[in-house]
Amino acid sequence: MAAAHVLAWAVCVLRVALATVYFQEEFLDGERWRNRWVQSTNDSQLGHFRLSSGKFYGHKEKDKGLQTTQNGRFYAISARFKPFSNKGKTLVLQYTVKHEQKMDCGGGYIKVFPADVDQKNLNGKSQYYVMFGPDICGFDIKQVHVILHFKNQYHSNKKPIRCKVDGFTHLYTLILRPDLTYEVKIDGQAIESGGIEYDWNLTSLRKTEKSSAGSEDREQRREDKPQDWEKHFLDAGASKPSDWNSELDGDWPAVMLQKPPYQDGLKPEGIEKDVWLHQKMKNTNYLTEYDLSEFENIGAIGLELWQVRSGTIFDNFLITDDEEYAENFGKATWGETKGPEREMDDIQAKEELKRAREEDEEEMLLMDKLSGKENVFKRFHRRNEL
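One structure accompanies this document, and this report is about it. In this text the structure is predicted, and so the values were computed from the model without any measurement.

Quick look at empty space enclosed by the protein
Moving on, step 1. Under the definition given, this model contains 2 cavities of 30 Å³ or more.
Moving on, step 2. Here the largest cavity defines a volume of roughly 100 Å³.
Moving on, step 3. Those elements giving two or more residues to the lining of the largest cavity turn out to be β6 (91-99), β19 (312-320) and α6 (334-385).
Moving on, step 4. Estimates place the volume of the second largest cavity at around 30 Å³.
Moving on, step 5. For the second largest cavity, the full set of lining residues is Val97, His99, Pro134, Lys164, Asp166, Phe168, His170 and Tyr172.

See the structure below:
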């Protein structure tokens, strides 16, 4: 049993060692976060962030994150890290968000930017690679955005993904895999998954790429068609004579037979073992160098959003290539404080209810006293009249 535990521990350590963590932020060093995060100065009316764990929390220090502070404002802030490409790799984006003000209208999503993003000038027009997270407004909009940038356009997931709308902290995870599958998790539970090509309505775009590449391929074949194409084809049934000496006789010339007119690679009837001079080749490189969920120069993460009522807290940011590492990180952060957070909220709710009852009782006693004094005054007044 002890050996099994040691082996399991060794596997976990190896797994962590193999994981690549591109960015991780827990705000555990107080105000030093201001050295890593850059507030946009694009607009003087942009809202400001502060470090806070909110009115209720699971751990006062561990639950501190970036909190919006001003109502009816746009917000724009970002942090830079060493640029990387996720080509051929899994990309995992994860963070926690807490709408303790019980969001009525506003964003709670993150954006991942190219490394050359202008942080000081960050705004709604700044190009991004991925936008992910909850967006709430009224009764109609309560969704998780998953928007990908491809072919100079932004493409949204066509599946409706409902977000959490309560005032507690929730863990949001997006996984983009190199096989073009994806998964969206909330609080560690998968709530949506599928194929990126189909769930983002990108099938037609890829078909256009295929058609375009195919047309170019056919044009190239026409240009490369030899002059004697109309006359000959190789006789695949012919073989080099056994007495042929390549050193003395040179290269053996393949036997050429008469063939019907060129038909774009179609095999003539009645000929079984022919090798055509030019074969129709499939163009497998019909996509751009980077596929639907691959990004060349990822280098920054940020918040660029609007909120009617402020108070949202963003924390536990993570960008990695390892799904298991992200899961463990979520358990070590949000997983450790989610229970105590709800307990503290429950205690505060009971205390508020108790205070409300006490205030009501005091008000009733006061009313009774005022009513008693009024009755005494009325009796005294009647006595005088008599």
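A short note on the state of the cysteines
Moving on, step 1. Applying the stated rule across the entire model yields 1 disulfide.
Moving on, step 2. In this model cysteine 105 forms its disulfide with cysteine 137; the gap between the sulfur atoms is 2.1 Å. Around the S-S axis, the bridge from cysteine 105 to cysteine 137 shows a dihedral of about -80° and counts as left-handed. Placement of the pair is cysteine 105 in strand β7 (residues 105-107) and cysteine 137 in strand β9 (residues 130-137), with a sequence separation of 32 residues.
Moving on, step 3. Taking the relative accessible area as the measure of exposure, cysteine 137 reaches 30% and is therefore partly exposed.

Examining a nonpolar patch on the surface
Moving on, step 1. A cluster of nonpolar side chains, contributed by Phe74, Trp306 and Val308, occupies part of the molecular surface with about 260 Å² of accessible area.
Moving on, step 2. For valine 308, a relative accessible area of 33% translates into the label partly exposed.

Conventions and cut-offs
- Residues numbered from 1 in each chain as written.
- Predicted model: local features only at pLDDT ≥ 70, side-chain atom pairs only at ≥ 80, totals over all residues.
- Heavy atoms only, no water.
- 1 Å grid on protein atoms, 1.4 Å probe; cavity = no way out; pocket = protein on both sides within 12 Å on 5 of 7 lines; lining within 4 Å.
- Points joined across faces, edges and corners; volume = space filled by probe spheres on them.
- Helix = DSSP H or I, 4+ residues; strand = E, 2+ residues; numbered from the N terminus.
- Disulfide = S-S within 2.5 Å.
- Buried < 20%, exposed > 50% of the residue type's maximum accessible area, 1.4 Å probe, protein only.
- Patch = residues over 30% accessible without salt bridge, like charges linked within 9 Å, V, L, I, M, F, W, Y side chains within 5 Å.
- Areas by Shrake-Rupley, 256 points an atom, 1.4 Å probe, with all protein chains shown as cover.
- Salt bridge = Lys/Arg side-chain N within 4 Å of Asp/Glu carboxyl O.

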